[in-house]
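Report on the structure
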2 protein chains.
Amino acid sequence: MGKCEQCGIRQLNAFKELTKDELIRLSLCKSSKEIKKGEVLFDEGEHINGLYCVRNGVCKVSKMSDNGKDQIINLIKKGDLIGERSLISNESSNLKAVALNDVEVCFIPKEEVIKNLQRNPNFTMGMMQKLALSLKNADNIIVDMAQKTVKQRLAVTLLYLHENFKTEEGINSIHLTREDIANIIGTATESAIRLLSEFKKNNLIDLKGKEIFVLNIPKLKILAEGL
Amino acid sequence: MGKCEQCGIRQLNAFKELTKDELIRLSLCKSSKEIKKGEVLFDEGEHINGLYCVRNGVCKVSKMSDNGKDQIINLIKKGDLIGERSLISNESSNLKAVALNDVEVCFIPKEEVIKNLQRNPNFTMGMMQKLALSLKNADNIIVDMAQKTVKQRLAVTLLYLHENFKTEEGINSIHLTREDIANIIGTATESAIRLLSEFKKNNLIDLKGKEIFVLNIPKLKILAEGL
DNA sequence: CGATTGCTTGACCCCCATCAATCCTCGTGG
DNA sequence: CCACGAGGATTGATGGGGGTCAAGCAATCG
């Protein structure tokens, strides 16, 4: 089991604020976990009782709607924390997290997180800034959902994937299914598929099997923002 | 000018965690402000450099979409804080706040808030919990926007208004226009109006001028959740 | 008392959800 | 090694939801 004080991933989140002593203490109580593709890290309503830190891989974070569809709220990757919201509110989770590929996470028990929040104001401030950023992103998504067409939202999502997950193999290195993509956008799977092939016809993207290649970022941006 | 240590409104937010000394210090640096109906408390892109605490009245909090529509993200009332997100992120505001009726707010300068965050862990925890709650609410709104029909969202909104702003005069004591309601739901004004009169025909609500009376909460709930 | 702002209703039509059928692609077991 | 089954991808057809334009009405205000 690795040691937190030697783990570079903490530079990507609030744990960078911890002192060496605090990191050593963290190493003693944290646990590591491996999750295979498709497995559930935690589900809605579950008491997480701690905080997950993603070391590797990608999870989709979703919430079930009344109509039975899983709306994907977020994609989390290396360095991201998940579970802080429920931890701070002292509630069970309002979200579900599922591995899109093989994922490694560390789990830090709630008591240890709270202890650090009480002792280290810099750590607390880091966590607050993370929450504040999440809130801003959420506000942006609300506006997009409310005001943009499905086509625009697909363009936004493709640009987001391109920005965050692009490899030489395409922008879908995390193996989202068409249904996943539809559940990010908030539309029917068939609609997403139809728009993808329309985008391909217009040479905005290329499709090779399930993989997606962005060909024309500027035009996608124009599409995403207006008519 | 009132004194914070005698102000009961702090019981409604994180300021309840401040000590008497801290409250007295707060009184010395805070300022009060009155905003008339329709006036702008702050706009997108503005540097707020502090935190507002609503003493009275209601503001609509919105964000401009690329298509030029103001999507209403939140309605804030007595006891609510606004500006914390930008303060913590050290950014200019991503939101706009406009008074729906005459509003009184207190303004606390950034430096004073930061000082209290550094010194009083309980206050910090209170602020974090507020952010965490806002985030959960935002997640719920995203799911509703993505997965519910306009009709369902109107039902949700009417129930929300009933829950939070109902008086004997109806549920629209804060004088939202039809356009405002449409901008909460994320639809065209005409669509919102049409659905309101449909709801009236079905005896779910009653309309007297601009005022709205909820007649059948259970049916509205059923409508809001499914078919 | 005009004039601006908000409310309401009608007409039109496109976007998109839904249902259905087919094709493709794997992983599994015979 | 191949057959087959299951889940995913794709395309077609169809109908309704809801966006948009336009016109008329009501209310509020300087």
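Residues numbered from 1 in each chain as written. Chains lettered and ligands numbered in written order. Predicted model: local features only at pLDDT ≥ 70, side-chain atom pairs only at ≥ 80, totals over all residues. Heavy atoms only, no water.

Okay, the overall build of chain A next. For chain A, the helix and strand inventory stands at eight helices and ten strands. Overall, the C-alpha framework of chain A stretches about 55 × 35 × 30 Å when taken along its three principal axes. Of the contacts formed within chain A by residues at least 6 apart in sequence, a portion of 70% connects residues at least 24 apart. Surface accessibility of chain A: about 10700 Å² in total, with carbon and sulfur atoms responsible for 49%. Averaging the locations of the 34 positively and 30 negatively charged side chains of chain A gives two centres separated by 3 Å. (Helix = DSSP H or I, 4+ residues; strand = E, 2+ residues; numbered from the N terminus. Contact = heavy atoms within 4.5 Å. Areas by Shrake-Rupley, 256 points an atom, 1.4 Å probe, with all protein chains shown as cover. Lys, Arg positive; Asp, Glu negative; His and termini not counted. Charge placed at Lys NZ, Arg CZ, Asp CG, Glu CD.)

Right, let's get into the state of the cysteines. A full pass over the atoms with the stated rule returns zero disulfides over all chains. Cys 106 of chain A supplies the cysteine sulfur nearest to Cys 53 of chain A, a cysteine that is in no disulfide, at a spacing of 6.1 Å. Overall, Cys 53 of chain A belongs to the buried group, its relative accessible area being 9%. No disulfide involves Cys 59 of chain B; its nearest neighbouring cysteine sulfur is the one of Cys 53 of chain B, lying 12 Å away. (Disulfide = S-S within 2.5 Å. Buried < 20%, exposed > 50% of the residue type's maximum accessible area, 1.4 Å probe, protein only.)

On to unusual backbone geometry, then. You will see that Asn 203 of chain A, though not glycine, has its phi angle at about 60°, which is positive. Along the chain, the position of Asn 203 of chain A falls in the loop between helix H7 (189-201) and strand S9 (205-208). Of note, Asn 49 of chain B is a non-glycine position whose phi angle comes to about 60°, a positive value. Tracing the backbone through its elements, the reader meets Asn 49 of chain B in the loop between strand S2 (40-42) and strand S3 (50-56).

In the neighbourhood of DNA strand D, 15 residues make up the surrounding shell, with Arg 178 and Ile 193 of chain A together with Val 150, Thr 187 and Ser 191 of chain B lying closest. Between DNA strand D and the protein, one listed contact pairs a phosphate oxygen with a backbone N or O atom of Val 150 of chain B at 3.0 Å. Within the backbone of Ala 188 of chain B, a nitrogen or oxygen atom sits 3.2 Å from a phosphate oxygen of DNA strand D. Secondary structure elements with two or more residues in the surface near DNA strand D: helix H6 (178-185) and H7 of chain A together with helix H7 (189-201) of chain B. In terms of residue count, H7 of chain A provides more of the surface near DNA strand D than any other element does, four residues in total. By residue class, the composition of the surface near DNA strand D is three nonpolar, five polar and seven charged. (Near = heavy atom within 4 Å. Polar contact = N/O pair within 3.5 Å; in protein donor to acceptor, adjacent residues only side chain to side chain. Nonpolar A, V, L, I, M, F, W, Y, C, P; charged D, E, K, R; others polar.)

All names here are of chain A. Applying the stated rule across the entire model yields eight aromatic pairs over all chains. Centroid distance Phe 42 to Tyr 52: 5.9 Å. Interplanar angle 15°. Geometry classified as stacked. One end of the pair, Phe 42, is in strand S2 (residues 40-42); the other, Tyr 52, is in strand S3 (residues 50-56), with ten residues separating them in the sequence. Phe 42 gets classed as buried once you look at its relative accessible area, which sits at 2%. Residue classification places Tyr 52 among the buried positions, given a relative accessible area of 7%. Between Tyr 160 and Phe 165 the ring centres are 6.3 Å apart and the planes differ by 70°, which places this aromatic pair in the edge-to-face class. Through successive ring pairs, a cluster of aromatic residues spans Phe 42, Tyr 52 and Phe 107. (Phe/Tyr/Trp six-rings, centres within 6.5 Å; stacked < 30°, edge-to-face > 60°.)

Before going further, it helps to examine helix H8 (residues 217-225) of chain B. Residue and element names in this part refer to chain B. Taken together, the buried positions of H8 are Leu 220, Leu 223 and Ala 224. Take H8 and look down its axis: the buried residues cluster within an arc of 100°, on one side only. Among the exposed residues of H8, those pointing more than 90 degrees away from its buried face are Pro 218 and Ile 222. The N-cap residue of H8 is Asn 216: its side-chain oxygen and the backbone nitrogen of Lys 219 are 3.1 Å apart. (Arc of directions from axis to C-beta.)

Attention shifts here to the protein's contact with DNA strand C. The environment of DNA strand C is formed by 15 residues, the closest being Val 150, Thr 187 and Ser 191 of chain A together with Arg 178 and Ile 193 of chain B. Each atom of DNA strand C within 4 Å of the protein was assigned to sugar, phosphate or base; sugar and phosphate come to 50%. Residue Val 150 of chain A places a main-chain N or O atom 2.9 Å away from a phosphate oxygen belonging to DNA strand C. At a separation of 2.9 Å, a phosphate oxygen of DNA strand C approaches a polar side-chain atom of Ser 191 of chain A. Looking at the surface near DNA strand C, the elements with two or more residues in it are H7 of chain A together with helix H6 (178-185) and H7 of chain B. For the surface near DNA strand C, the leading source of residues is H7 of chain B, giving four residues. Its residues assigned to classes, the surface near DNA strand C comprises three nonpolar, five polar and seven charged.

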